[in-house]
Amino acid sequence: MIATGAFISALSPNLFGYVLGFLLIVGFDKMFNVYMRTIRQRVIPPQDFGKTVGVITLLNNISQPLAGFTGGFVSFALGHPERNPDSGRVDHHSWRICYVVVQRFAAQSRA
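Cut-offs applied
Here the residue index of a chain counts from 1 through its sequence in written order. Side-chain atom pairs in this predicted model are given and counted only at pLDDT of 80 or more, local residue features only at pLDDT of at least 70, and totals for whole chains, interfaces and linings cover all residues. Based on all heavy atoms of the structure, the side-chain values leave hydrogens and waters out of the count. Only runs of H or I of at least four residues qualify as helices and only runs of E of at least two qualify as strands under DSSP, and these elements are numbered from the N terminus. Salt bridge, as applied in this entry: a Lys or Arg side-chain nitrogen positioned within 4 Å of an Asp or Glu carboxyl oxygen. Relative accessibility thresholds used throughout: buried, under 20% of the residue-type maximum; exposed, over 50%; partly exposed, between the two (1.4 Å probe, protein chains only). A fitted line through C-alpha atoms serves as each axis, taken over the contacting stretch for helices, and the angle formed by two N-to-C directions is quoted from 0 to 180°. Orientation categories follow fixed angle ranges, with anything under 35 degrees roughly parallel, anything over 145 roughly antiparallel, 65 to 115 roughly perpendicular, and all other angles oblique. Working rule for handedness: look at the near helix, and if it is turned counterclockwise from the far one by less than a right angle, call the crossing left-handed; if clockwise, right-handed. A contact between two residues is defined here by any heavy atoms of the two lying within 4.5 Å. Throughout this entry, Asp, Glu, Lys and Arg are counted as charged residues, while Ala, Val, Leu, Ile, Met, Phe, Trp, Tyr, Cys and Pro are counted as nonpolar. The remaining residues, Gly among them, count as polar.

> Would you mind going over the environment of V26 in detail, with residue names and values included?
In this structure, V26 sits in helix α2 (residues 15-43). Between the C-alpha atoms of V26 and A6, which are 20 residues apart in sequence, the distance is 10.0 Å.

> Quick one: what's the story with the pattern of salt bridges, residue by residue and with numbers?
Applying the stated criterion to the full structure yields 1 salt bridge. Salt-bridge contacts for D48 lead to K51; the nearest nitrogen and oxygen are separated by 3.3 Å. One end of the pair is D48 and the other is K51, both in helix α3 (residues 46-61) and 3 residues apart, which spans about a single turn. Of the residues examined, D48 reaches a relative accessible area of 29% and is grouped as partly exposed.

> Residue-level account of the packing of helix α1 (residues 2-11) against α2, with values.
Axes are the key here: two packed helices are described by the angle between their axes and the distance separating the axes. α2 packs onto α1 with a crossing angle of 160° between their chain directions and a minimal axis gap of 7 Å. Viewed along their axes, α1 and α2 adopt a mutual orientation that is roughly antiparallel. In terms of crossing hand, the pair formed by α1 and α2 is left-handed. Contacts between α1 and α2 involve I2, G5, A6, I8 and S9 from the former and G17, Y18, L20, G21, F22, L24, I25, F28 and D29 from the latter. Here the residues of the contact of α1 with α2 are counted per class, giving 9 nonpolar, 4 polar and 1 charged.

> Explain the packing of α2 against α3 residue by residue, including any values.
The N-to-C vectors of α2 and α3 enclose an angle of 145°; their axes lie 10 Å apart at closest approach. Relative to α3, α2 is oriented so that their crossing is right-handed. Contacts from R37, R40 and Q41 of α2 reach α3 at F49, V53, I56 and T57. Residue composition of the contact of α2 with α3, by class: 3 nonpolar, 2 polar and 2 charged.

As structure tokens, then:
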């Protein structure tokens, strides 16, 4: 159902379809998380539960900053939108932080 929601959201020509797909994605993702946590409580001994769930949460969340930096590298490779007057302006702080980090990394790798 998560994949169905993704397809509905991606291919929808209007806001209603996007919202429907998004709700399917988020709703079934949350239900799956509740199910997995319930199963973990049954399988993992109580004295090790906190340590194990902490590591699992870390591994699940490590992809978020990696995805941000990957997006920054790709957008840097394709060209910064503020250098192209036809593409509009991006004023988000996260974009600026990522752009600065990518610029510094690129400058260090060239040196």
